[in-house]
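Read off the chains here:
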Amino acid sequence: RTPRRPPRTVREALQECYIAPRTSPFPIQIDQQHNLISQSPDAQDERDISDVTINIQSATWDFDSCQLRSASGHALMLHGDSKVCVSRSKLGGSGTREDAMALVAVTCADTSECALLDSVVELCGTGGVVVMHGAVAGLQQCAVERCNVAMHVADSAQ
């Protein structure tokens with residue numbers, strides 16, 4: 001198996017992260033307690049995403065010059081075979097108080113791929129970037145500030 005890697009340059013990232021005009025095959029549902037539940041097509045893969053600001057399931061997205069913030073949750077979470085590029089952005093908590101810090105800025109799971117380029121990951125109580133399962137994440141010209149753990153890589157992640 002050939003190892004995958006995220007794009008190395010902003011130009012490559014922008015070329016790979018073209019968003020095709022289509023609707024998402026993964027509907028968002030709300031349960032009786034008003035928690036968001038993301039449901040995949042096989043209905044066995046339900047995940048509680050009530051503490052996630054942006055949840056991407058098997059989709060391709062490009063974020064440029066954005067602020068992706070969360071208070072006590074996850075700012076950006078990738079599942080399935082998502083491919084995400086984040087350029088010139090800030091990710092993490094919304095403030096320095098304990099209840100305003102993010103739990104994790106970026107979580108990459110399953111076989112997702114994430115490239116962070118010229119961005120700042122900050123204000124996270126647990127971890128700045130968490131990569132697990134078979135996911136791939138790359139940081140280029142980034143700063144990780146005020147996070148208990150800058151990056152956590154587990155399983156066969158890269």
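No experiment lies behind these values; they were computed from the predicted model shown.

Oppositely charged side chains can form a pair if their charged atoms are brought close together. Summed over the entire model, instances satisfying the criterion amount to four salt bridges. Of the charged contacts, one joins Glu 122 and Arg 69 as a salt bridge, the two residues approaching to 2.8 Å between their closest N and O atoms. On the criterion of sequence distance, the pair formed by Glu 122 in strand S12 (residues 120–131) and Arg 69 in strand S6 (residues 67–70) is long-range, its members being 53 residues apart. Where salt bridges share partners, they join Arg 69, Glu 122 and Arg 146 into one cluster.

Another point: the packing of aromatic side chains. In this structure the tally under the stated criterion is one aromatic pair. An angle of 20° between the planes, with centres 6.2 Å apart, marks the rings of Trp 61 and Phe 63 as stacked. Accessibility expressed as a relative area gives 38% for Trp 61, which makes it partly exposed.

On to the nonpolar core, then. Of all hydrophobic cores here, the largest spans 24 residues; its most connected members are Leu 76, Leu 91, Val 106, Cys 108, Leu 116 and Val 121. Broken down by secondary-structure element, the contributors of at least two residues to this core are strand S7 (74–79), strand S8 (83–87), strand S10 (102–108), strand S11 (113–117) and S12. With sequence-adjacent residues up to four places away left out, Cys 108 is seen in contact with Leu 78, Cys 114, Val 130, Val 131, Met 132, Ala 135 and Ala 137.

Let us now look at the sheet that holds strand S13 (residues 136–140). Taken in spatial order, the four strands line up as S5-S8-S11-S13 in an open sheet, and their pairing is parallel. Here the strands that pair on one side only, and so sit at the sheet edges, are strand S5 (60–64) and S13. Strand-to-strand twist of the sheet, defined as the mean angle between neighbouring strand axes without regard to direction, takes the value 5°. Sheet topology places S5 next to S8; five bridges connect them, and they run parallel. Residue pairing across strands places Asp 64 opposite Ser 87, the latter belonging to S8.

Looking at the protein, pLDDT values average 77 and 68% of them are 70 or higher. Taking the mean pLDDT of every element in the protein, the minimum, 41, falls on strand S1 (residues 28–30) and the maximum, 95, on strand S9 (residues 90–93). Across residues 7–11, where pLDDT falls below 50, the model places twelve contacts with residues more than four positions away in sequence or in other chains. Confidence over residues 17–45 falls short of pLDDT 50; this stretch has 52 contacts with residues more than four positions distant or in other chains.

Further remarks concern unusual backbone geometry. Trans peptide bonds make up most of the peptide bonds, and negative phi angles are found at most residues other than glycine. For His 133, which is not glycine, the phi torsion reads 65° and is therefore positive. Checked against the element boundaries, His 133 lands in the loop between S12 and S13. Looking at His 133, the relative accessible area reads 34%, which means it is partly exposed. Even without being a glycine, Gln 141 presents a positive backbone phi close to 55°. With respect to the element layout, Gln 141 can be found in the loop between S13 and strand S14 (143–153). According to the relative accessible area criterion, Gln 141 is exposed, its value standing at 65%.

Rules of the game
- Residues numbered from 1 in each chain as written.
- Predicted model: local features only at pLDDT ≥ 70, side-chain atom pairs only at ≥ 80, totals over all residues.
- Heavy atoms only, no water.
- Salt bridge = Lys/Arg side-chain N within 4 Å of Asp/Glu carboxyl O.
- Helix = DSSP H or I, 4+ residues; strand = E, 2+ residues; numbered from the N terminus.
- Phe/Tyr/Trp six-rings, centres within 6.5 Å; stacked < 30°, edge-to-face > 60°.
- Buried < 20%, exposed > 50% of the residue type's maximum accessible area, 1.4 Å probe, protein only.
- Core = buried A, V, L, I, M, F, W, Y, C linked by side-chain atoms within 4.5 Å.
- Contact = heavy atoms within 4.5 Å.
- Pairing = 2+ DSSP bridges.
- Axes fitted to C-alpha atoms, helices over the stretch in contact; angles between N-to-C directions.
- pLDDT = per-residue confidence, 0-100.

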